[in-house]
Every structure is written in structure tokens, then in C-alpha cells.
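Working through the structure, step by step
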Amino acid sequence: QSVLTQPPSVSAAPEQNVTISCSGRNFNFAKIYVSWYQQFPGTAPRLIIYDNDKRPLRIPDRFSGSRSATSATLGITGLQTGDEATYYCETWDFSLRSVIFGGGTKVTVL
Amino acid sequence: EVRLVQSGAEVKKPGESLNISCRGSGYLFTNYWIAWVRQRPGEGLEWMGLIYPTDSDTRYSPSFQGQVTMSVDESTRTAYLHLSRLKASDTATYYCARFSGSPGVLSWFDPWGQGTLVTVSS
């Protein structure tokens, strides 16, 4: 069973930078495509990064995506109180023929 | 504006069935797969499957195969998720989302419907 692993939570003060990792033992992240979603409590998820590092036009450039061979990373620069949300990574698992999501990372602005 | 609008919240008893609808607007409905995603209270996102409006081609998650049925009415630009023999564990918010990319290779979901809360309780 393939799993995408994210840290349960990260926190930082306003204006600081944070990164959220997404890793998985069965994945070569250099060869797969990862998307990231932001979800506020009680609302639907929203796409913020797709195809590893691309941003929809409405998403500010404070959000970025990157990857290595072993993980994908979401970066948020200049953290704002409005960024407090849960963030999920997602990819297609070829062996399972299934989309899988990471467990989610809750971002807290101190 | 591309939008997906879902049907309203439901309260059901164990053993009952229901259909959740998801109507697309603002784009060529037949050109994009529709995905369904479950989120149990306090938990993460679970992909349930995809359906392609043009030919109703479906791809179910192995975790949901046989448990749910997806369908689509191209004429009304509406996708449906059918849940049967409901259990308390089916209590969740169900989202539809427009799928972009290529099944099996590249995927992202944008936009999402507002979600439909389903409560199963005796």
C-alpha cells in the first residue's frame, strides 16, 4: 500500500517562511507529478500547486512547489494569518491505479 | 467562471441509499473528467473515482470499487454519486471536483464543489 507522508503540523510566526514535505517510500518524485491543495475548516479544498511547481493564476507567488528524487515540497514565504489551513499533497499511484492524498499538514501562524 | 455546484446535505438511516449531484457550469462539461472525493469528519481526503461525461468511462479507486456508483447526465451537465446500503461509517462530506491531467499519469483537481455532508444515523 503506497502512502504519501506529510508532517501533521508546522507553525511559524507571521512573515516567516515554512516548508511542508510530502514523501513516500514507493515513489520516485523525480518522475511523478504532485499537486497541492489548501483547505480551510468547513470549506472545500482549493488547488494551489499542480504539476509539481505550477501555480493557478489566482494563487500568489508566495506559494511554491518543488521536488527532489525522494520528496515534494510546498513552500510558503511571508506567512500570513490567512494561510492558516490544512495542506494536502496528491499524486497518481501507478501501481494502485489510484489517486492518493497525503494525510495533510496543519499550518499554524503563531 | 468555472463552477461545480453540489446538492444539499442529507440525513439518512443505515441501509438507505442516496444520490449526490454535481452540476458543472462555465466550461465544456464533456471535456473533463469529474472526480469524487470523500472526507470523513476530522480526517483527510480520499479519492473515490473518476467519470468521463462523454462516454461514462469510470475509474474507481480499489477502496471504493463495488461500494459506490458514478454516473453522469450529459444533457444537464450533472454528475451523480450513488451510495447504497449506507452505514454510519459513510458519514462524511463528499466533494466533486473537475479533474485535469491524464488518468494514470498526471492529476489535479480544480475547481471543487462546495461539498455535500451526508450523515448516517439511526
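Refer to the structure presented above.
Described below are features of the structure shown in this document. (Residues numbered from 1 in each chain as written. Chains lettered and ligands numbered in written order. Predicted model: local features only at pLDDT ≥ 70, side-chain atom pairs only at ≥ 80, totals over all residues. Heavy atoms only, no water.)

**Re the interface of chain A and chain B**
The accessible area lost on association of the parts is a frequent measure of interface size. Tallying the contact residues gives 21 residues for chain A and 23 residues for chain B. Carbon and sulfur atoms make up 64% of the surface buried where chain A meets chain B, a total of about 1800 Å² over both sides. If you look at where chain A meets chain B, you find one salt bridge. Notably, a salt bridge pairs Arg58 of chain A with Asp110 of chain B, separated by 2.8 Å at the nearest N-O pair. Mapped by element, the contributors of at least two residues to the side of chain A that touches chain B are strand E3 (35-39), strand E7 (85-93) and strand E8 (98-101) of chain A. Considering every element that reaches the side of chain A that touches chain B, the biggest residue donor is E7 of chain A, with four residues. Here the side of chain A that touches chain B is composed, by residue class, of 12 nonpolar, five polar and four charged. (Contact = heavy atoms within 4.5 Å. Buried area = accessible area lost by both parts, 1.4 Å probe. Salt bridge = Lys/Arg side-chain N within 4 Å of Asp/Glu carboxyl O. Helix = DSSP H or I, 4+ residues; strand = E, 2+ residues; numbered from the N terminus. Nonpolar A, V, L, I, M, F, W, Y, C, P; charged D, E, K, R; others polar.)

**What to know about the pattern of salt bridges**
Residues and elements named next belong to chain A. Evaluation of the coordinates by the stated rule reveals six salt bridges over all chains. Across the pair Asp51 and Lys54 runs a salt bridge whose closest N-O atoms are separated by 2.9 Å. In this structure Lys54 comes out as partly exposed when scored by relative accessible area, which is 35%. Among the salt bridges present, the one from Lys54 reaches Asp53, with a minimum N-O distance of 3.8 Å. On the accessibility criterion, Asp53 (47% relative accessible area) is partly exposed. Counted as one network, the salt bridges with shared partners bring together Asp51, Asp53 and Lys54. (Buried < 20%, exposed > 50% of the residue type's maximum accessible area, 1.4 Å probe, protein only.)

**Examining the sheet that holds strand E5 (residues 63-67) of chain A**
Residue and element names in this part refer to chain A. In space, the three strands of this open sheet follow the order E2-E6-E5, with antiparallel pairing throughout. Whereas interior strands pair on both sides, the edge strands pair on one side only; in this sheet they are strand E2 (18-23) and E5. Neighbour to neighbour, the strand axes of the sheet diverge by 20° on average, direction disregarded. With six bridges connecting them, E2 and strand E6 (residues 71-76) associate as antiparallel partners. What sits directly across from Thr19, in E6, is Gly75. (Pairing = 2+ DSSP bridges. Axes fitted to C-alpha atoms, helices over the stretch in contact; angles between N-to-C directions.)

So, to be careful, I would describe these as geometric facts and stop short of saying anything about function.
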